[in-house]
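Results of the structural survey
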Amino acid sequence: RGFNGRSYGKSWGVVTDLKRRTVSAPRRARGERIIPAAFDFLLPRFEAALGRRWRPNECNANRYAPEEGHDLGAHFDDRHLSGDVLCNLSLNAT
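The structure reproduced in this document is the subject of the present report. (Residues numbered from 1 in each chain as written. Predicted model: local features only at pLDDT ≥ 70, side-chain atom pairs only at ≥ 80, totals over all residues. Heavy atoms only, no water.)

A few points about the nonpolar core
If you look at the biggest cluster of nonpolar residues, it comprises five residues: Leu42, Leu43, Phe46, Trp54 and Val85. Once residues within four sequence positions are removed from consideration, leucine 43 is found in contact with Trp54, Arg55 and Pro56. (Core = buried A, V, L, I, M, F, W, Y, C linked by side-chain atoms within 4.5 Å. Buried < 20%, exposed > 50% of the residue type's maximum accessible area, 1.4 Å probe, protein only. Contact = heavy atoms within 4.5 Å.)

Here it is as structure tokens:
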């Protein structure tokens, strides 16, 4: 169970330590991943909405399976860790 509910998930980019309120670069030796170029096609849309150039530092993909007890619990994103912009993209949400 994560801090905001159970789910299947994968993450790329910076590694967030919520307890220490820090972020660090991903380390491949530990299985941590950089954000793949496959996500680059989304950047023009985010930049158009923002009216400026922008690059994400973290990307998460979550799948919630309610039949398995998964849920997205109430939570908030720490602006100290996220920065001034937080973009969300929901695909096939129900």
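This is not the end of the story, as more comes after the structure.
Details of the pattern of salt bridges
If charged atoms from side chains of opposite charge come close, those side chains can pair. Here the structure, examined in full by the defined rule, presents six salt bridges. Taking the shortest distance from any N to any O, the salt bridge between arginine 21 and aspartate 78 comes out at 2.7 Å. With arginine 21 in the loop between strand E2 (15-17) and strand E3 (22-24) and aspartate 78 in the loop between strand E4 (58-63) and helix H2 (79-82), this residue pair connects regions lying 57 residues apart in the sequence. Among the residues examined, arginine 21 registers a relative accessible area of 40% and is labelled partly exposed. The salt bridge partner of arginine 30 is glutamate 32, with a shortest N-O separation of 3.9 Å. Among the charged side chains, a salt-bridge network with shared partners connects Arg27, Arg30 and Glu32. (Salt bridge = Lys/Arg side-chain N within 4 Å of Asp/Glu carboxyl O. Helix = DSSP H or I, 4+ residues; strand = E, 2+ residues; numbered from the N terminus.)

Some thoughts on the environment of proline 56
Structurally, proline 56 can be placed in the loop between helix H1 (43-50) and E4. Measuring from C-alpha to C-alpha, the distance between proline 56 and arginine 6 comes to 24 Å, with 50 residues separating the pair along the chain. The residues contacting proline 56, other than those within four sequence positions of it, are Ile35 and Leu43.

Thoughts on the state of the cysteines
Summed over the entire model, instances satisfying the criterion amount to zero disulfides. Unpaired in terms of disulfides, cysteine 59 finds its nearest cysteine sulfur in cysteine 87, a separation of 11 Å. Taking relative accessible area as the criterion, cysteine 59 reaches 17% and is therefore assigned buried. (Disulfide = S-S within 2.5 Å.)

Quick look at the packing of aromatic side chains
The final tally for this structure, using the stated rule, is two aromatic pairs. With centroids separated by 5.6 Å and ring planes inclined at 85 degrees, the aromatic side chains of phenylalanine 46 and tryptophan 54 adopt a geometry described as edge-to-face. (Phe/Tyr/Trp six-rings, centres within 6.5 Å; stacked < 30°, edge-to-face > 60°.)

Purely spatial values, then, with no claim about function.
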